[in-house]
Amino acid sequence: MLMFPELILIDGEPAQVIEIEDKYALAESARNLYILLEGDDGKHYVGVRLSKKEYVLPDALREFYDFVRV
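Report follows, based on the coordinates. (Residues numbered from 1 in each chain as written. Predicted model: local features only at pLDDT ≥ 70, side-chain atom pairs only at ≥ 80, totals over all residues. Heavy atoms only, no water.)

### Some words on the packing of aromatic side chains
So, step 1. Considering all chains together, one arrives at two aromatic pairs under this definition.
So, step 2. With a centroid separation of 5.9 Å and 85° between ring planes, the pair formed by Tyr-24 and Phe-67 is classed as edge-to-face. Here Tyr-24, found in strand S3 (residues 24-28), pairs with Phe-67, found in helix H1 (residues 57-69); they are 43 residues apart in sequence, far enough to count as distant.
So, step 3. The partly exposed category is assigned to Tyr-24, whose relative accessible area is 22%. (Phe/Tyr/Trp six-rings, centres within 6.5 Å; stacked < 30°, edge-to-face > 60°. Helix = DSSP H or I, 4+ residues; strand = E, 2+ residues; numbered from the N terminus. Buried < 20%, exposed > 50% of the residue type's maximum accessible area, 1.4 Å probe, protein only.)

### Quick notes on the nonpolar core
So, step 1. One finds Phe-4, Ile-8, Ile-10, Ala-15, Val-17, Ala-25, Ala-27, Tyr-34 and Leu-36 forming the largest nonpolar core, which totals nine residues.
So, step 2. Other than its neighbours up to four places away in sequence, Ile-8 contacts Glu-13, Pro-14, Ala-15, Val-17, Leu-36 and His-44.
So, step 3. By size, the runner-up hydrophobic cluster in this structure holds seven residues, among which are Leu-33, Ile-35, Leu-50 and Val-68. (Core = buried A, V, L, I, M, F, W, Y, C linked by side-chain atoms within 4.5 Å. Contact = heavy atoms within 4.5 Å.)

### Structural notes on the side chain of Glu-13
So, step 1. When you line up the elements, Glu-13 lands in strand S2 (residues 13-21).
So, step 2. Discounting chain neighbours no more than four positions away, the residues touching Glu-13 are Ile-8, Ser-29, Ala-30, Arg-31, Asn-32 and Tyr-34.

### With respect to H1
So, step 1. An ideal rise of 1.5 Å per residue puts 18 Å on 13 residues; H1 measures up with 18 Å between its terminal C-alpha atoms.
So, step 2. Three or more residues of H1 are buried, namely Ala-60, Phe-64 and Val-68. The buried residues of H1 occupy one face: seen down the axis, they fall within an arc of 75°.
So, step 3. In this structure, the buried side of H1 is in contact with S2, S3, strand S4 (32-38) and strand S5 (44-51). (Expected span 1.5 Å × (residues − 1). Arc of directions from axis to C-beta.)

Don't take any of this as a statement about function, it's just geometry.
This is how it looks when you write it as C-alpha cells:
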C-alpha cells in the first residue's frame, strides 16, 4: 500500500498533508483544503475541494471524517 507524501502538488500549488485515515487524506494549501483519495492504482486523487473562504480547519476536519465514514 502506498502512503501519502507529506507535501503534494495540486493544480500547481503545494499542499501539506495534515491528516491521514486509511486511503484518505486531508491536505491544506494556501487557498484550499482538499480531501484526497488513494486509488487502487496507487495514484492520489482530489475527492473534495473546500475553499478556505468558506471553511476553517476544524470544519474541514469534520467534513473529512464524515467523508471517510461514508
